[in-house]
Amino acid sequence: MAQRNSSDYAVVWPRSAKAVEIKPLARRLDSMEGKTIAFLWDDLFRGDEIWPILKGELSNRFANVNFVDHDAFGSTHGDDEHRVLAELPAKIKSLKIDAVVSGMGC
């Protein structure tokens, strides 16, 4: 700590140490045609309005797109979020999901 009446000051960096290493992004799909897309939602900000619009637009652009609604997973925020997120990889695999849209409140 700096001494009183000293020209030296203690400085602290506002960031914490890195907790997670940066990983490469997943490879993008070549197309969404014939793919299964899941929607995750935190039950907070208009996902119930946005998801039907997004499904309609994706269906218009890509043939044979399948969707798995957010209620198949549970809320990604709140009391069950740790369980929901822990179960997510297995559910994605078992439901043969190709892509995920994750909506959250702002």
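Placed above this text is the structure.
As the structure is a prediction and not an experimental result, all values here were calculated from the model.

### Digging into the sheet that holds strand S3 (residues 99-103)
- Reading across the sheet, the 3 strands line up as S2-S1-S3 and stay open at both edges, with parallel pairing between neighbours. Of all strands in the sheet, those bounded by a partner on one side alone are strand S2 (66-68) and S3. Strand-to-strand, the axes of this sheet are offset by a mean angle of 25°, without reference to chain direction.
- Of the strand pairs in this sheet, strand S1 (residues 36-41) and S3 are connected by 5 bridges, and their pairing is parallel. The residue bridging tryptophan 41 from the neighbouring strand is glycine 103, located in S3.
- Against the sheet, helix H1 (residues 47-61) contacts S1, S2 and S3, and its axis sits at roughly 165° relative to S1.

### Examining the nonpolar core
- If you look at the biggest cluster of nonpolar residues, it comprises 8 residues: Ile37, Phe39, Trp41, Trp51, Leu58, Phe62, Val65 and Ala99.
- Broken down by secondary-structure element, the contributors of at least two residues to this core are S1 and H1.
- Ranked by residue count, the leading element in this core is S1, at 3 residues.
- Aside from chain neighbours lying at most four places away, what touches phenylalanine 62 is Ser31, Met32 and Glu33.
- Core analysis: the next-biggest nonpolar cluster, separate from the first, contains 6 residues, Leu40, Val68, Phe73 and Leu88 among them.

### Here we look at the layout of surface pockets
- Looking at the largest pocket, its volume works out to about 230 Å³.
- Lining the largest pocket are Leu25, Ala26, Arg27, Arg28, Leu29, Asp98 and Ala99.
- Looking at the lining of the largest pocket, its residues break down into 4 nonpolar, no polar and 3 charged.

Rules behind the numbers
Residues numbered from 1 in each chain as written. Predicted model: local features only at pLDDT ≥ 70, side-chain atom pairs only at ≥ 80, totals over all residues. Heavy atoms only, no water. Pairing = 2+ DSSP bridges. Helix = DSSP H or I, 4+ residues; strand = E, 2+ residues; numbered from the N terminus. Axes fitted to C-alpha atoms, helices over the stretch in contact; angles between N-to-C directions. Contact = heavy atoms within 4.5 Å. Core = buried A, V, L, I, M, F, W, Y, C linked by side-chain atoms within 4.5 Å. Buried < 20%, exposed > 50% of the residue type's maximum accessible area, 1.4 Å probe, protein only. 1 Å grid on protein atoms, 1.4 Å probe; cavity = no way out; pocket = protein on both sides within 12 Å on 5 of 7 lines; lining within 4 Å. Points joined across faces, edges and corners; volume = space filled by probe spheres on them. Nonpolar A, V, L, I, M, F, W, Y, C, P; charged D, E, K, R; others polar.

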